[in-house]
Amino acid sequence: MAARISRRQALVAGGGAAAAVVGVPFGLGLRSGGEASSATLLRSGRPLPAAFQVPLEIPRVLTPNRGSVPGADHYELTQRQAEVEVLPGVRTAIWGYDGTFPGSTIHARSGRPVVVRHTNLLPVPTVTHLHAGQTPSASDGFPTDLLLPSPSTAARNSMAASMSMDGMGGNDPHASVVQTSRDYTYPLQQRAAMLWYHDHRMDFTAPSVWRGLAGMFIVHDAEEEALELPAGERDIPLMIADRSFGGDGELIYPSSYPSLIRPGVRAAYAAGVLGDVALVNGRPWPFLEVDAARYRFRILNASNARRYRLTLDPRLGQAPFIQVGTDGGLLDAPLGHAAIEIAPAQRYDVVVDFSACRPGERITLRNGFGTGRMEQVMQFRIARKAHDDSRVPIRLSHPPVPDPARSARTRSFVFRRSGGHGWTINGETFSPTEALISPRAGSTEIWEFVSDFHHPIHVHLASMRVLNRGLNGPGEFDHGLKDVLDLRPAERIRVAITFGEYPGRYVLHCHNLEHEDMGMMATFRLV
Ligand code: C2O
Ligand code: CU
């Protein structure tokens, strides 16, 4: 225990930033972030491009390999550095799956296994996690199950060699550490939903995802397809992420050690890093030409720390977002919203009806939690009138919601900053080797979460149903099956949680990636 704290102290403290981290007054983030986010804005070092100048791009859809084993879809992704155009007219170095940001989208079918072979040509170790995958522990991307760079990349980069030795995976005797390539196997015994994949390496997830290691993964099933929701070109994934850029167009990030030889961010950013450029599918403030028809948008907040309150034009009516699903797939019935509040890693599946718009009209997707340029996200341009035979039925699904009456026990989790120890869960920073709890695989429990700051709380291999927010019932955005809870300052949330059926070790953590890297993660063992 003592060793754990001192390791983490060393981690947060790192270099000269140490005293300052400890000295950041509790509540600072609260005041500076207001209702929006408990985090700090990192300003770009160059003029930002005008909004709505570049078209939205839909990430490439990955095709399975030929020679696939029958019964499973096999894919290959190479994690590598690449130079891409994010801001118009300049090149930006990223770390990407196949060198793109976002990574290619994988479309999968419920019940049909997917195997993804990842090859690591980056200068650092990586871990890939399929967020919301019902995945056996060995493929879940436990934070110390490292995929080391290939020997050739490692040789070109002595840093990688030293990092791979430097503690991280090495302190965990149970870590599965391999070099160059690794197969992740996903049984996908789960309902249709929007998942995503991203880096999950212990202590370094935030800078790795910031540099581009994130992609979308969509599971389909027959139930959803029977609904006649908008489909094809009118079913669009939107990965929203904020980033900041330096004078030459490079991504900037306030690491204590820019070479990432050690973890940690500069003291001022310990509550989280906010960018000042809104990217949707990797493009800054893009526009999308749409028909005057219904569209389905699967919205993912892939930001490190930023929360958004998405709004549309009042011309689209009082409740322009018809929510049909969330993290864990379809809701039981559609729900109209004037706005959508989305915390990091959450997903909202919404239908927006542009049929009342005239060609030439422009509708802006705004962010009520943003200031300045971050008040805007993207724009829809109505291009033409069009036929539309999609519909939103009044009954969508019967989500398998966790039943609190079946709860085996109640547990409480306190998420807070702890003077000098980084960010903690029940007073502890992350230990890959000591399990905080050991629930039974497949069981249901009642969990309570209490917080100091904004914490988007994520539990692997589990789905949650919000029972109470404070003294009230579920909040406006709590409907359906959640795997990320938007816990706000000084708030208490009670959920019924059901775990997946695979025993082994998993993590629960804050999905503010800076908090996660600074210790706000716990190992649990399903038995
Ligand atoms: Cu989105 Cu533990 O992950
Ligand atoms: Cu947090």
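Residues numbered from 1 in each chain as written. Chains lettered and ligands numbered in written order. Predicted model: local features only at pLDDT ≥ 70, side-chain atom pairs only at ≥ 80, totals over all residues. Heavy atoms only, no water.

## Re the overall build of the chain
In terms of helices and strands, the chain carries 8 helices and 34 strands. Burial statistics for the chain: of 527 residues in total, 62% are counted as buried. Contacts spanning at least 24 positions in sequence make up 80% of the contacts within the chain whose residues lie at least 6 apart. Accessible surface computed for the chain: about 19,000 Å², of which carbon and sulfur atoms make up 52%. (Helix = DSSP H or I, 4+ residues; strand = E, 2+ residues; numbered from the N terminus. Buried < 20%, exposed > 50% of the residue type's maximum accessible area, 1.4 Å probe, protein only. Contact = heavy atoms within 4.5 Å. Areas by Shrake-Rupley, 256 points an atom, 1.4 Å probe, with all protein chains shown as cover.)

## Considerations on unusual backbone geometry
Apart from glycine, the bulk of residues carry a negative phi angle, and the bulk of peptide bonds sit in the trans form. The peptide bond linking Phe 101 to Pro 102 adopts the cis configuration, its omega dihedral lying at -5°. Mapped onto the elements, Pro 102 comes out in the loop between strand E3 (92-97) and strand E4 (103-109). We note that Asp 203 has phi near 75°; this positive angle belongs to a residue other than glycine. Along the chain, Asp 203 falls in the loop between strand E10 (193-199) and helix H6 (205-210). The exposure class of Asp 203 is buried, given its relative accessible area of 3%.

## Some remarks on the coordination of the copper ion (ligand 2)
Within the protein, the copper ion (ligand 2) binds to His 455 (ND1), Cys 510 (SG) and His 515 (ND1); these donor distances fall in the range 2.0 to 2.1 Å. For the copper ion (ligand 2), the donor residues sit on a single chain with the sequence spacing H-x54-C-x4-H. Highlighted residues: His 455 in strand E29 (residues 455-459) and Cys 510 in strand E33 (residues 504-510), separated in sequence by 55 residues. (Donors = N, O, S within 2.8 Å, 3.2 Å for Na, K, Ca; no water.)

## A closer look at the pattern of salt bridges
Under the defined criterion, the tally for this structure stands at 31 salt bridges. The partner of Arg 307 in a salt bridge is Asp 486, and the shortest N-O contact between them spans 2.8 Å. On the criterion of sequence distance, the pair formed by Arg 307 in the loop between strand E17 (294-301) and strand E18 (308-311) and Asp 486 in strand E31 (residues 484-487) is long-range, its members being 179 residues apart. Measuring nitrogen to oxygen at the nearest pair gives 2.8 Å for the salt bridge that ties Glu 491 to Arg 488. Taking the relative accessible area as the measure of exposure, Glu 491 reaches 13% and is therefore buried. Look at the salt bridges and you will find they share partners, linking Arg 234, Asp 291, Arg 294, Asp 353, Arg 384 and Asp 388 into a network. (Salt bridge = Lys/Arg side-chain N within 4 Å of Asp/Glu carboxyl O.)

## Brief notes about the nonpolar core
Counting residues in hydrophobic clusters, the biggest one holds 97 residues, and the most contacted among them are Phe 297, Leu 310, Phe 354, Phe 380, Trp 447 and Phe 449. The biggest single contributor to this core is strand E12 (residues 235-243), with 5 residues. Ignoring anything within four residues of it in the chain, the contact list for Phe 297 reads Ile 236, Leu 238, Leu 288, Tyr 348, Asp 349, Val 350, Val 352, Phe 354 and Phe 380. Within the second largest apolar cluster, 24 residues are counted, among which are Tyr 184, Tyr 186, Leu 195 and Tyr 197. (Core = buried A, V, L, I, M, F, W, Y, C linked by side-chain atoms within 4.5 Å.)

## Focus on the pairing of E31
When a strand is regular, its side chains alternate between the sheet's two faces. By the alternation rule, side chains of E31 split into Val 484 and Asp 486 and Leu 485 and Leu 487, which are all buried. Of the pairings in the sheet, the one linking E29 to E31 comprises 4 bridges and is antiparallel in character. By the bridge assignment, His 455 is partnered in E31 with Leu 487. (Pairing = 2+ DSSP bridges.)

## Some thoughts on the packing of aromatic side chains
Enumeration over the complete set of coordinates arrives at 17 aromatic pairs. A ring pair is formed by Phe 413 and Trp 447, whose centres lie 4.4 Å apart and whose planes are at 45°; its orientation type is tilted. With Phe 413 in strand E25 (residues 410-418) and Trp 447 in strand E28 (residues 444-451), the pair connects residues that are 34 residues apart, well separated along the chain. For the pair Phe 413 and Trp 447, one class covers both residues: buried. (Phe/Tyr/Trp six-rings, centres within 6.5 Å; stacked < 30°, edge-to-face > 60°.)

## Re the confidence of the model for the chain
Averaged over all residues, the pLDDT of the chain equals 90, while 89% of them reach at least 70. Per-residue pLDDT stays below 50 along residues 1-35; that stretch engages in 53 contacts with residues further than four places along the chain or on separate chains. Counted against residues more than four places away or in other chains, residues 164-170, with its pLDDT under 50, gives 12 contacts. (pLDDT = per-residue confidence, 0-100.)

## Observations concerning the pairing of E29
The element E29 is extensively covered by neighbouring structure, given that 5 of its 5 residues are classed as buried. Burial of the side chains of E29 extends over both faces: His 455, Ile 457 and Val 459 are buried on one face and Pro 456 and His 458 on the other. Bridging between E29 and E33 involves 3 bridges; their strand directions are antiparallel. Following the sheet pairing, Ile 457 is matched in E33 by Cys 510.

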